[in-house]
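Notes for the structure review
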Amino acid sequence: MSDFKRVLVLGTGPASIQLAVSLKNKLGCAVGIAGRESVRSESFFQAVKESSQLIRADIQNEQHRQLEGECLLDEVFRGYGTITGEWDTLIMSVTTDAYISVLKQINDQVKKQVKCIVLISPTFGSNSLVRQYMKDRNSDAEIISFSTYLGDTRWKHERPSNQVLTTAVKRKVFIGSTRRPSQNIGRLCELYEQLGMTLEVMDSPLEAESRNISLYVHPPLFMNDFSLAVIFGEVNVPKYVYKMFPEGPITQQLIRSMLAQWKEITAVTERLNMTGVNLLKFMTDDNYPVRLESLSRHDIENFSRLEPIHQEYLLYIRYTSLLIDPFSEPDDQGRYFDFSAVPLRQLFVNREGYLDIPRMPKEDYYRIKIIQGIAKYLGVACPTIDTFIATYESKLRHAAEARQGELLSDAFVIRSFEEDLKMICSGIVKFTESEALN
């Protein structure tokens, strides 16, 4: 019997609404949503109250019809400390670096009754972190990790409300659990099949967490001098994440750094007796495909065995092939959809009135610091990752000094994440030891 009778979604972002609608309508769960009280979440809570707890998910493309729908929430909690009742499963739809702070705010009696915790968009090591936290509280809850969220969901009318729009859906998502076999994973596979997606079950949560494409591409794309100069307002001309220099950050050196970082992460996964990813195959088969005229099947399949200069060449082709959407229809002038025109976003004043750093690279900072910490714990050298972090932290330091007296968010603080790393490394070692015994 699965633990999806009473499910509480933690977080009030667009993904939470899409997940709640899908869980309620496809699996017939009782579903609640809880979130922290803030300036940003106030309009969400107000809209849900005015609609008598009705929430709605719309779609942009007809082929994603299964994700469309609406439902009535069974419970809504303003503030994690206000959560009451018995909940079988917690769905953590909050930023990766907030997992423990959110769990700490939930009443101990509520946590004791939880049988399963699902991490929607974790980073490498998140499962070990949450598992260790719950174990320290005498909980044997099953902890499930997805590789990433199922697609791209945003607010229907650009501001938090009770309505969202899902604009893109992934073809495949990976999943792993601390328990094998897992009836809960069986239920989630059933859900994703109904939603038209493939859910590939991995041998461990860590393997699922290693299948997040952001781990491999965000640090090189955002933690470089070119991108950071744009993000921190030193360049006024618009620049774009996925374009070639000088329109964007992609250069020969960036591709070389991306390849080097992939090899460092692969060394970490291999030290943990896990199968690493074929980076080019992962990019093309599980994320954004390109035409076979641009990249042959032979090159994609054999990427991991090629010489470094050949690998760099293929990665460069991959990004140039996606400057436009190669599967879009050209207009009357022969122009294809400008797929790569994703702007590098600049510093902004958040709803609390503080100067803040965009989600990319703010969230990537936590991800890469955790990987660095795990690598050092395992004795794996990671000079490329070290360089990305040093570049980013130098920019944080200079920005904070230049803006003394201004209201700055805590994203400008250089962090060690030492407490999280201790729990993660302890959990990883215990889990891999138990795996070796099985």
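Residues numbered from 1 in each chain as written. Predicted model: local features only at pLDDT ≥ 70, side-chain atom pairs only at ≥ 80, totals over all residues. Heavy atoms only, no water.

A count of helices and strands for the chain gives 16 helices and 14 strands. Considering only C-alpha atoms, the chain reaches an extent of 55 × 55 × 50 Å along its principal axes. In the chain, of all internal contacts separated by at least 6 residues, the share reaching a separation of at least 24 is 72%. Within the structure as shown, the chain displays about 19,800 Å² of accessible surface, and the carbon and sulfur contribution to it stands at 49%. Between the mean site of the 51 positive side-chain charges and the mean site of the 56 negative ones, the chain shows a separation of 2 Å. (Helix = DSSP H or I, 4+ residues; strand = E, 2+ residues; numbered from the N terminus. Contact = heavy atoms within 4.5 Å. Areas by Shrake-Rupley, 256 points an atom, 1.4 Å probe, with all protein chains shown as cover. Lys, Arg positive; Asp, Glu negative; His and termini not counted. Charge placed at Lys NZ, Arg CZ, Asp CG, Glu CD.)

Evaluation of the coordinates by the stated rule reveals 13 aromatic pairs. Their ring planes at 85° and their centres at 6.2 Å tell us that Phe77 and Trp87 sit as a pair that is edge-to-face. Here the residue Phe77 occupies a position in strand β5 (residues 75-78), and Trp87 occupies one in the loop between β5 and β6 (89-92), the gap between them amounting to 10 residues. Owing to a relative accessible area of 1%, Trp87 belongs among the buried residues under this scheme. When the ring of Tyr366 is compared with that of Phe417, the centres are 4.9 Å apart and the planes differ by 85°; the resulting orientation is edge-to-face. With Tyr366 in helix α14 (residues 359-378) and Phe417 in the loop between α15 (383-402) and α16 (418-437), the pair connects residues that are 51 residues apart, well separated along the chain. We note that Tyr366, like Phe417, is buried. Aromatic ring contacts, followed pair by pair, group Tyr365, Tyr366, Tyr392 and Phe417 into a single cluster. We note Arg318 situated over the ring of Tyr319; from NZ or CZ to the ring centre the distance is 5.0 Å. (Phe/Tyr/Trp six-rings, centres within 6.5 Å; stacked < 30°, edge-to-face > 60°. Buried < 20%, exposed > 50% of the residue type's maximum accessible area, 1.4 Å probe, protein only. Lys NZ or Arg CZ within 6 Å of the ring centre and 35° of its normal.)

In spatial order, the strands read β4-β3-β10-β9; together these four strands make up an open sheet with mixed pairing. Each edge of the open sheet is held by one strand with a lone partner, namely β4 (69-72) and β9 (151-155). Put simply, the sheet's adjacent strands are angled 20° from each other on average, direction ignored. Across four bridges, strand β3 (residues 54-59) lies against β4 in antiparallel orientation. (Pairing = 2+ DSSP bridges. Axes fitted to C-alpha atoms, helices over the stretch in contact; angles between N-to-C directions.)

Note on backbone geometry: most residues besides glycine have negative phi, and most peptide bonds are trans. Of note, the bond from Phe245 into Pro246 is cis; its omega dihedral lies within 30 degrees of zero at 10°. Omega for the peptide link from Met360 to Pro361 comes to 25°, which places this bond in the cis form. The residue Pro361 is located in helix α14 in this model. Its identity as a non-glycine residue notwithstanding, Ser52 has a phi of 60°, on the positive side. Along the polypeptide, Ser52 turns up in the loop between α2 (39-50) and β3.

Time to look at the side chain of Thr166. Position of Thr166 among the secondary structure elements: in strand β10 (residues 163-169). Residues within four places of Thr166 in sequence aside, it is in contact with Gln18, Asp58, Ile59, Gln60, Leu67, Asp152 and Thr153.

Attention now goes to the packing of helix α8 (residues 213-222) against helix α10 (residues 252-271). It is at 9 Å that the axes of α8 and α10 come closest, and there the two elements cross at 145°. Crossing geometry of α8 relative to α10 is assigned as right-handed. Of α10, the residues touching α8 (which contributes Leu215, Tyr216, Val217, Pro219, Pro220 and Leu221) are Leu254, Met258, Gln261, Trp262 and Ile265. Here the contact of α8 with α10 is composed, by residue class, of 10 nonpolar, one polar and no charged. (Left-handed = near helix turned anticlockwise from the far one by under 90°. Nonpolar A, V, L, I, M, F, W, Y, C, P; charged D, E, K, R; others polar.)

Tracing the backbone shows Lys369 in helix α14. Distance in space between the C-alpha atoms of Lys369 and Pro343 is 25 Å, their sequence separation being 26 residues. Setting aside anything within four residues of it in sequence, one finds Lys369 in contact with Ile389, Glu393, Arg415, Ser416, Phe417 and Leu421. At 3.0 Å, the side chain of Lys369 and the backbone oxygen of Arg415 are in polar contact. (Polar contact = N/O pair within 3.5 Å; in protein donor to acceptor, adjacent residues only side chain to side chain.)

Along its sequence, the chain is carved into domain 1 (6-211) and domain 2 (213-436). Taken over C-alpha atoms, the centre of domain 1 sits 24 Å from the centre of domain 2. Contact with domain 1, which involves 32 residues of that partner, is made by 34 residues of domain 2. When domain 1 packs against domain 2, close to 2,800 Å² is buried across both sides, 58% of that on carbon and sulfur atoms. The interface formed by domain 1 and domain 2 includes two salt bridges. The partner of Lys172 in a salt bridge is Asp286, with the nearest N and O atoms 3.7 Å apart. Here domain 1 and domain 2 share five residue pairs in polar contact (both at pLDDT 80 or more) between them. Of all the elements in the fold, those that place two or more residues in the side of domain 1 that touches domain 2 are α2, α3 (99-105), α5 (126-135), β11 (172-177) and α7 (205-209). Of all the elements, α5 adds the most residues to the side of domain 1 that touches domain 2, at five residues. Residue composition of the side of domain 1 that touches domain 2, by class: nine nonpolar, 10 polar and 13 charged. (Domains from an automatic or database assignment. Buried area = accessible area lost by both parts, 1.4 Å probe. Salt bridge = Lys/Arg side-chain N within 4 Å of Asp/Glu carboxyl O.)

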